Amino acid sequence: MTNRREFIKRTVATGIGAAIFRPVAGASETAGLNGLPGHAGIAQTVLGPLDASKLGFTLPHEHIADGPYFYLPKWPKAWGGKSEFVAKAVEKLKLVRAAGVNTIVDLTTYDVGRDVRFLEEVSRKSGLNLITCTGQLFFPPKFPDVSMPARTIAGLTDFFLREINQGIDGTGVKAGVIKIGIITNHVTALEEIGLRAAVRASNATGLPIRIHTDAAHRAGESDAVVLEDEGMNPSRVSFDHSDDSGDMDYFLGLVRRGYSLGMDHVHRGLLPNIKPSFERRAECIKLLVDADFADKIFLSHDSEFGGSLLPAETRGFREKLDPPDGMLFITQKLIPYLKQIGVSDRNIHTMTVENPRSFFTVS
Ligand SMILES: [Zn+2]
């Protein structure tokens, strides 16, 4: 567990507007994260540091960069190859921007096809702020085809720190968040290395952590045991895909401990064979807001954007789970519905603007 002094230090250093730098591994990076020593409230985007107040309406769990890696082979030259793929991506992202979204956080890690040059290009051309991640989604031996850059906590921490402090894949593009995938509620030995390395990288740099969780099996609770044993401040962690559970007892237990919940599969409840229903997922958001926890909720789509650019008949299982209107679902369907069941504009602003601003502020 964390001692009191450490806890206060973290709390202060992660607050919005804190003009305090946390110690960053690699001393030269202490001021280099934003290039503006003493400046408060910076988020790290693929185009460089950004005043966190400019993040605006943010979707904190999406996948755009999987496009080139997974979908370019299905995007033959006859369709225009990569330049046409980029053009189509930019065209769709401009619609998302026109709907009121300012920032998208891409949680595609290296092991599932992250491409930071693609992100850079579509960010510049679409006018959307994009934040990319370090971390790892799949861990062997559950996923035998996945290798790890290191199999010790210290080694994996170093890898994450390099992507945060120096840049990704030989570019100067730096990660602005740490993503870890814990596939079930039984954390494996290698997943535990991933979780502990994420905590160490977070505590060294101030970056927040988002975790893929199996909420239906209350995985946040077992993940939290490891996180807290490693000295993590819960206010810097979001358990994503939480709305795959409809259990208020599970939700309240986590938010009371300080964790955030990513409600990013709400659209899946519209499919007839998937539980909880859309209505129950939305109701849980409302119940959490009513219990005064709007400041612990994030809304997103977990969209596989690359797949959405393919013709409908060629889409695979994963893309069929995505909302039919892509990343417009929250602004055009979910938010109007939440208002209809009594969630205020003020609370929607908290979930979509204030929480991301605070969460993605790294210095
Ligand atoms: Zn995801």
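All of the points below concern the structure found in this document. From a predicted model like this one, the values you see are computed outputs, not experimental measurements. (Residues numbered from 1 in each chain as written. Predicted model: local features only at pLDDT ≥ 70, side-chain atom pairs only at ≥ 80, totals over all residues. Heavy atoms only, no water.)

Some thoughts on the nonpolar core
So, point 1. By size, the foremost hydrophobic cluster in this structure holds 85 residues, and its most contacted members are Ile64 and Ile104.
So, point 2. Among the elements that make up this core, the one with the highest residue count is helix H7 (residues 189–205) (8 residues).
So, point 3. Residues in contact with Ile104, not counting those within four places in the same chain, are Leu59, Glu62, Ile64, Leu93, Val96, Leu128, Asn129, Leu130, Ile131 and Met327.
So, point 4. In terms of nonpolar packing, the next biggest core, distinct from the first, is built from 12 residues, Val105, Ile131, Phe298 and Phe360 among them. (Core = buried A, V, L, I, M, F, W, Y, C linked by side-chain atoms within 4.5 Å. Buried < 20%, exposed > 50% of the residue type's maximum accessible area, 1.4 Å probe, protein only. Helix = DSSP H or I, 4+ residues; strand = E, 2+ residues; numbered from the N terminus. Contact = heavy atoms within 4.5 Å.)

Quick notes on the pairing of strand E9 (residues 237–240)
So, point 1. With burial as the criterion, each face of E9 is covered, one bearing Val237 and Phe239 and the other bearing Ser238 and Asp240.
So, point 2. In this sheet, E9 lies alongside strand E8 (residues 209–212) in parallel orientation, the contact comprising 4 bridges. Looking at E9, one finds that Arg210 is bridged to Ser238.
So, point 3. Of the crossover connections in this fold, the one passing from E8 over helix H8 (residues 219–229) to the parallel E9 is right-handed.
So, point 4. Where E9 and strand E10 (residues 260–263) come together, 2 bridges link them in parallel fashion. Counted as the bridge partner of Phe239 is Leu261 from E10.
So, point 5. As a crossover connection, the stretch from E9 through helix H9 (residues 248–256) into E10 is right-handed. (Pairing = 2+ DSSP bridges. Right-handed = clockwise from strand over helix to strand, strands pointing away.)

Brief notes about H9
So, point 1. When we look at burial in H9, the residues that qualify are Met248, Tyr250, Phe251, Leu252, Leu254 and Val255.
So, point 2. Considering only its buried residues, H9 is in contact with H8, E9, E10 and helix H10 (278–290).
So, point 3. The N-capping residue of H9, defined by a side-chain oxygen 2.9 Å from the backbone nitrogen of Asp249, is Asp247.
So, point 4. Taken from the residues just after H9, Gly258 is the one with a positive phi, measuring 110 degrees. (Polar contact = N/O pair within 3.5 Å; in protein donor to acceptor, adjacent residues only side chain to side chain.)

Here's the deal with the pattern of salt bridges
So, point 1. Counted by the stated rule, this structure contains 21 salt bridges.
So, point 2. One salt bridge connects Glu283 with Arg280, and the closest N-O pair in it is separated by 2.9 Å. Here Glu283 pairs with Arg280, and both are found in helix H10, just 3 residues apart, close to one helical turn.
So, point 3. The exposure class assigned to Glu283 is partly exposed, which follows from its relative accessible area of 37%.
So, point 4. For Arg280, a relative accessible area of 27% puts it in the partly exposed group.
So, point 5. Across the salt bridge formed by Asp345 and Lys339, the nearest N and O atoms sit 3.1 Å from each other.
So, point 6. In this structure, a network of salt bridges that share partners links the residues Glu192, Arg196, Arg200, Asp229 and Glu230. (Salt bridge = Lys/Arg side-chain N within 4 Å of Asp/Glu carboxyl O.)

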